[in-house]
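A closer look at the structure
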Amino acid sequence: MKNENNEVILEGKSERIYKTLMDSILEALKNGTLNPGDRLPPERKWAEEMKVSRSAVREAVRALEMIGLVSCRQGGGTFINENYRLTMFQPMTISHRLNHGTLSDIQEYRQCLEIQAAKLAALHATDEDIRILESLVRKMNRADNTYEGSIYDRNFHSKIAEISGNCLIRDSLASVEALLDEIIDDVRSIIFQSERNTRLLHDQHQQIIDSLRNHDAASAGKYMSEHMELIVRLLK
């Protein structure tokens, strides 16, 4: 394989450089020597440390840019993305599109994560967490349009994922945010056509909050499951 300068790079070696560079960045993020938004050292420094060519490092950086870990600014260097935790977003979105995924596929994936998130959140929720969730539900119910309501709806579920304390659940849900938006927007437009469905949505959100307040994991999972099943029915 050749790079843009017509230099030969062995595929296996290129992959090792990519992995070494990624591991180095992730370790720096973990120990706090690098933070989101920070600028990475220049290619020359990486090349000297790994004893490889600068062009090989450049190829590795481009691979990291493709997965969303870093971003390259023309004439400004390479930076850790502010949302580096969402590096799985692009691959998952691409996989969904290429495999002709449906809204039902997204909802089934979401359902698995949301129910477990609710159970875990019931174990960790604080009084402040409950206040935030109740505020989001009030704003959701007072929203002037489905778009505004969808934002509060998404934030409600994102907050529960955050409260769960499981970073993989939180980041997995966030990584398909754009795909989930399709569901939330579509479902809310259907729900608002029926006063009964609107009341049901409000009641389900409140039941979930009450379960979290009481630290009742079983009830939290039950009510979140019912909430997800309502969405499935509406999608069908």
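Residues numbered from 1 in each chain as written. Predicted model: local features only at pLDDT ≥ 70, side-chain atom pairs only at ≥ 80, totals over all residues. Heavy atoms only, no water.

Let's shift gears to the overall build of the protein chain. Per the secondary structure count, the protein chain includes 11 helices and 2 strands. When the helices and strands of the protein chain are listed from N to C terminus, the series reads α-α-α-β-β-α-α-α-α-α-α-α-α. Looking at the 236 residues of the protein chain, the share that counts as buried comes to 39%. Here the analysis covers contacts within the protein chain between residues at least 6 apart in sequence; of these, 70% occur between residues at least 24 apart. As displayed, the protein chain offers around 13200 Å² of accessible surface, 50% of which is attributable to carbon and sulfur atoms. (Helix = DSSP H or I, 4+ residues; strand = E, 2+ residues; numbered from the N terminus. Buried < 20%, exposed > 50% of the residue type's maximum accessible area, 1.4 Å probe, protein only. Contact = heavy atoms within 4.5 Å. Areas by Shrake-Rupley, 256 points an atom, 1.4 Å probe, with all protein chains shown as cover.)

With 4 bridges connecting them, strand S1 (residues 70-73) and strand S2 (residues 77-80) associate as antiparallel partners. When the bridges of S2 are listed, valine 70 appears paired with isoleucine 80. From the end of S1 to the start of S2, which pair antiparallel, there are 3 residues, and glycine 75 there has a positive phi angle of about 75°. (Pairing = 2+ DSSP bridges.)

When you line up the elements, alanine 143 lands in the loop between helix H6 (127-142) and helix H7 (146-163). For alanine 143, a relative accessible area of 18% corresponds to the buried category. Those residues in contact with alanine 143 that lie beyond four places of it in its chain are Glu148 and Gly149.

On to the nonpolar core, then. Soluble, globular proteins show a tendency: their nonpolar side chains are buried together. Judged by nonpolar contacts, the single largest core of 36 residues is most densely connected at Leu133, Phe156, Ile160, Leu212 and Met224. Top contributing element to this core by residue count: helix H5 (residues 103-124), with 8 residues. When near neighbours in sequence (up to four residues on either side) are disregarded, methionine 224 contacts Glu114, Ile115, Ala118, His157, Ile160 and Ile208. (Core = buried A, V, L, I, M, F, W, Y, C linked by side-chain atoms within 4.5 Å.)

Glancing now at the pattern of salt bridges. Overall, the coordinates contain 11 salt bridges when judged by the stated rule. Here glutamate 128 makes a salt bridge to arginine 131, at a shortest N to O gap of 2.9 Å. Here glutamate 128 pairs with arginine 131, and both are found in helix H6, just 3 residues apart, close to one helical turn. With relative accessibility at 49%, the residue arginine 131 sits in the partly exposed group. Residue lysine 159 is joined to aspartate 129 by a salt bridge in which the shortest nitrogen-to-oxygen separation is 3.5 Å. Here aspartate 129 lies in helix H6 and lysine 159 lies in helix H7, a separation of 30 residues in the sequence. In this structure, lysine 159 and aspartate 129 share a single accessibility class: buried. One salt-bridge network, held together by shared partners, links Asp129, Lys159 and Glu162. (Salt bridge = Lys/Arg side-chain N within 4 Å of Asp/Glu carboxyl O.)

Its 19 residues give helix H10 (residues 195-213) an end-to-end C-alpha distance of 27 Å, which sits within 8% of 27 Å, the value for a rise of 1.5 Å per residue. Regarding H10, the residues found buried are Asn197, Leu201, Gln204, His205, Ile208, Ile209, Ser211 and Leu212. Each buried residue of H10 lies within a common arc of 165° when the element is viewed along its axis, so the set occupies one face. Opposite the buried face of H10, at more than 90 degrees from it, the exposed residues are Glu195 and Arg196. Positive phi shows up at histidine 215, right after H10, with a value of about 55°. (Expected span 1.5 Å × (residues − 1). Arc of directions from axis to C-beta.)

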